[in-house]
Amino acid sequence: MTKTRIASLSLGISLAATGFAHAHATFETDTAPVETTFKAVLQVPHGCDGKPTTEVQIRLPEGFVFAQPQPKAGWEIEIIKGDYKKTYDNHGKKVSSGPVEIRWKGGNLPDEYYDTFVVRGKVSGFDKETVLAFPTTQLCGTDSKVLWDEVAADGQNAHDLKSPAPTVTVTMAEAADPHAGHGGHMDAANGSAKLGDLEISGGSVKAMLPGAKVGGGFLTIRNGGADEDRLVAVESPAAARVEIHEMKMENDVMRMRKLEDGVALPAGETVELKSGGLHLMFMDVKTPFKEGDSVPVTLEFEKAGKVDAVLPVGSAKGGEATGGHSHH
C-alpha cells in the first residue's frame, strides 16, 4: 500500500490550536437500532497538542461484531482479532470471535485538519437500550498521545468526563425511526411494523419438529396508500431461502405453488398470509424453530423498499403466536 505523506503547510493559523483543542473525538452518528449494520464514523478534530496524528486505534466493544474497517489512502490498517464473550449469528453461521480493535497506522494528519476513520459492524445481542463505548487512542509520533477512553459510570453525565470514549447508543427496534436506514423495524413483542403506507401486523412463524427443514410463516399487510405495491422477496438468516407460497383448492385437491413474482398488495386493501392460504415458506432451515424463539426476516417491497422484521415462533399446532394476529 502506498503511503502518501501530506506535507503539512504552516499556515500560521493559531485558531485551530486554541479553539478546537478541547473538541472530543466522537462518532458522526451515535445511535443504531439493534440487529442492524452500523457505520461508525469517528471524527478526529485535532492532533496531540499541535502535533500531527500518525495512528488511530479504536477498541471495539462486545456486541459490535463482524467489523470491517474502511481503508484510507496514506494509512495502513491493522485488524486485531480476539474472542467475543458471546456467540453471534452471521447469516446462520455461529461466530464467537472476530475483530476487537482496529488501528490505522503510518498516516499524517496535521493538527489543523479534521478527518474521519470508518469501521462498519453489526450491533447485536442487546435486549435493552445500551450505550457502547469505543475507547480510542490517537498517537502522534512516538512520544505523544491523546486517550479518549473514559466511560461514564451509571448515573454519571458523560459531559463531566475530561476525555470521554466515543459512544454509540443501541436502540431497541420499536424505537427506531421508521425512515432511518433500512426502512422500518418490526418489534417481536407485537409483530408489527410500518413502512411508508404499509402496515405489517400479526407476524408469526410455526414451531417446527426436530429435524424438520421447512417452516411456515404468516403476517398481515395492509396497504393504506393510493398505489398498489407488491411483496417481492423475503430473506432470513435462519433459512437458506424464503419463498412465498399459495395454497389453493383445485378440483378438490389442495395444491401449493410458489409465487415467483410475489404477492400483490392492492391500494387500500389488507392481504393476509395465513395457514392454509398465502404464506411464507422457510426452506432449508438451519435450526428448527422452537416455540418462544423469534426469527429475523427482511421483507422487500417493490415500491416501499425493505423492512427488517422479527417474527415470534408460535406453537407447532396453531402456527400463530398468541396475540400476534390482528385483523383490520
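Here the structure is a predicted model, which means the values were calculated and not measured.

Engineer: Would you take a moment to explain the overall build of the protein chain for this structure?
Structural biologist: Counting its regular elements, the protein chain contains one helix and 23 strands. Scored against the burial criterion, the 328 residues of the protein chain give a buried share of 45%.

Engineer: Any chance you could explain the pairing of strand S23 (residues 305-312) here in plain terms?
Structural biologist: With eight bridges connecting them, strand S22 (residues 294-301) and S23 associate as antiparallel partners. Opposite Phe301, over in S23, you have Gly305 as the bridge partner. Connecting the antiparallel pair S22 and S23 is a turn made up of three residues.

Engineer: How should the pattern of salt bridges be read in this particular structure?
Structural biologist: Any two side chains of opposite charge can pair, on the condition that their charged atoms come close. As enumerated under the stated definition, the model contains 13 salt bridges in all. Here Glu35 and Lys122 are joined by a salt bridge, their closest N and O atoms 3.7 Å apart. On the criterion of sequence distance, the pair formed by Glu35 in the loop between strand S2 (31-33) and strand S3 (36-44) and Lys122 in strand S8 (residues 115-123) is long-range, its members being 87 residues apart. Judged by relative accessible area, which is 38%, Glu35 ranks as partly exposed.

Engineer: Please explain the packing of aromatic side chains as it appears in this structure.
Structural biologist: To describe a pair of aromatic rings, you give the distance between the ring centres and the angle between the ring planes. Applying the stated rule across the entire model yields six aromatic pairs. A ring pair is formed by Phe27 and Phe134, whose centres lie 4.9 Å apart and whose planes are at 80 degrees; its orientation type is edge-to-face. Here the residue Phe27 occupies a position in strand S1 (residues 26-27), and Phe134 occupies one in the loop between strand S9 (130-133) and strand S10 (136-140), the gap between them amounting to 107 residues. Above the ring of Phe117, the side-chain terminus of Lys72 is found at 4.8 Å from the ring centroid.

Engineer: Just to check I follow, could you spell out the sheet that holds S9 for this structure?
Structural biologist: Within a sheet, neighbouring strands are paired by backbone hydrogen bonds and run either parallel or antiparallel to one another. The three strands are arranged S2-S12-S9 in an open sheet whose pairing can be described as mixed. Two strands in the sheet have a free side with no partner beyond their single neighbour: S2 and S9. Averaged over all neighbouring strand pairs, the angle between strand axes comes to 30 degrees, with direction disregarded. Here four bridges tie S9 to strand S12 (residues 167-171), and the two strands are oriented antiparallel to one another. Along S12, the bridge assignment pairs Thr130 with Val170.

Engineer: What should I look at first to understand the environment of Ile80 in this one?
Structural biologist: Mapped onto the secondary structure, Ile80 falls in strand S6 (residues 76-90). The partly exposed category is assigned to Ile80, whose relative accessible area is 23%. Along the chain, Ile80 and Gly98 lie 18 residues apart, while their C-alpha atoms are 8.3 Å from each other. Among all residues touching Ile80, those that are not within four sequence positions of it are Gly98, Pro99, Val100, Glu101 and Arg103.

Engineer: Looking at this structure, how should I read the state of the cysteines?
Structural biologist: Note on terminology: disulfide describes a covalent bond linking the sulfur atoms of two cysteines. For the structure on display, the rule yields one disulfide. There is a disulfide in this structure between Cys48 and Cys140, and the S-S distance comes to 1.9 Å. With the S-S dihedral at roughly 80 degrees, the linkage between Cys48 and Cys140 falls on the right-handed side. Of the two residues, Cys48 sits in the loop between S3 and strand S4 (53-59) while Cys140 sits in strand S10, which places them 92 residues apart along the sequence. Of the two residues, Cys48 and Cys140, neither departs from the other in class, the shared state being buried.

Engineer: Just to check I follow, could you spell out the confidence of the model for the protein chain for this structure?
Structural biologist: Segments scoring low in pLDDT should not have their predicted coordinates read at a detailed level. Of the residues in the protein chain, 83% reach a pLDDT of 70 or more, and the chain-wide mean stands at 82. Across the protein chain, element-level confidence peaks in S4 with a mean pLDDT of 97 and bottoms out in helix H1 (residues 15-19) with 33. pLDDT under 50 marks residues 174-189. Its contacts with residues more than four places away, or in other chains, come to 38 contacts.

Engineer: Sorry, what's going on with the sheet that holds strand S11 (residues 144-148) here?
Structural biologist: As summarised here, the arrangement of the five strands in space is S6-S7-S4-S10-S11, forming an open sheet in which the pairing is antiparallel. In this open sheet, the two edge strands, each paired with only one partner strand, are S6 and S11. Averaged over all pairs of adjacent strands, the angle between their axes in this sheet comes to 15 degrees, without regard to strand direction. Sheet topology places S4 next to S10; four bridges connect them, and they run antiparallel. Opposite Gln57, over in S10, you have Thr137 as the bridge partner.

Engineer: When you look at the side chain of Ser124 in this model, what are you seeing that I'm missing?
Structural biologist: With respect to the helices, strands and loops of the structure, Ser124 is situated in the loop between S8 and S9. Residue classification places Ser124 among the buried residues on the basis of a relative accessible area of 6%. Every residue in contact with Ser124, bar those within four places of it in the chain, is listed here: Glu35, Gly63, Val65 and Tyr88.

Procedures and definitions
- Just so you know, the residues in each chain are numbered from 1, in the order the chain's sequence is written.
- Totals for whole chains, interfaces and linings use all residues, but because this is a predicted model, local features are given only for residues with pLDDT of at least 70 and pairs of side-chain atoms are given and counted only at 80 or more.
- Side-chain numbers come from the whole structure's heavy atoms, not from hydrogens or water.
- The numbering of helices and of strands both runs from the N terminus, where a helix is a DSSP run of H or I of at least 4 residues and a strand a run of E of at least 2.
- The cut-offs for exposure are 20% and 50% of the maximum accessible area for each residue type, with area from a 1.4 Å probe on protein chains only; residues under the lower value are buried, those over the upper are exposed, and the others partly exposed.
- Being paired, for any two strands, means DSSP has found at least two bridges between them.
- Any carboxyl oxygen of Asp or Glu within 4 Å of a side-chain nitrogen of Lys or Arg constitutes a salt bridge here.
- Each Phe, Tyr or Trp ring, with Trp reduced to its six-membered ring, pairs with another whose centre is within 6.5 Å; inter-plane angles below 30 degrees give stacked pairs, above 60 give edge-to-face pairs, and intermediate values give tilted ones.
- Here, a charge over a ring means that NZ of Lys or CZ of Arg falls within 6 Å of the ring centre while also lying within 35 degrees of the ring normal.
- Only C-alpha atoms enter the line fits that serve as axes; for helices the fit covers just the stretch in contact. Angles between N-to-C directions range over 0 to 180 degrees.
- Residue contacts are counted whenever heavy atoms from the two residues lie within 4.5 Å of one another.
- Count a disulfide wherever a pair of cysteine sulfur atoms falls within 2.5 Å.
- Values of pLDDT, ranging from 0 to 100, describe the predictor's confidence in every residue of the model.

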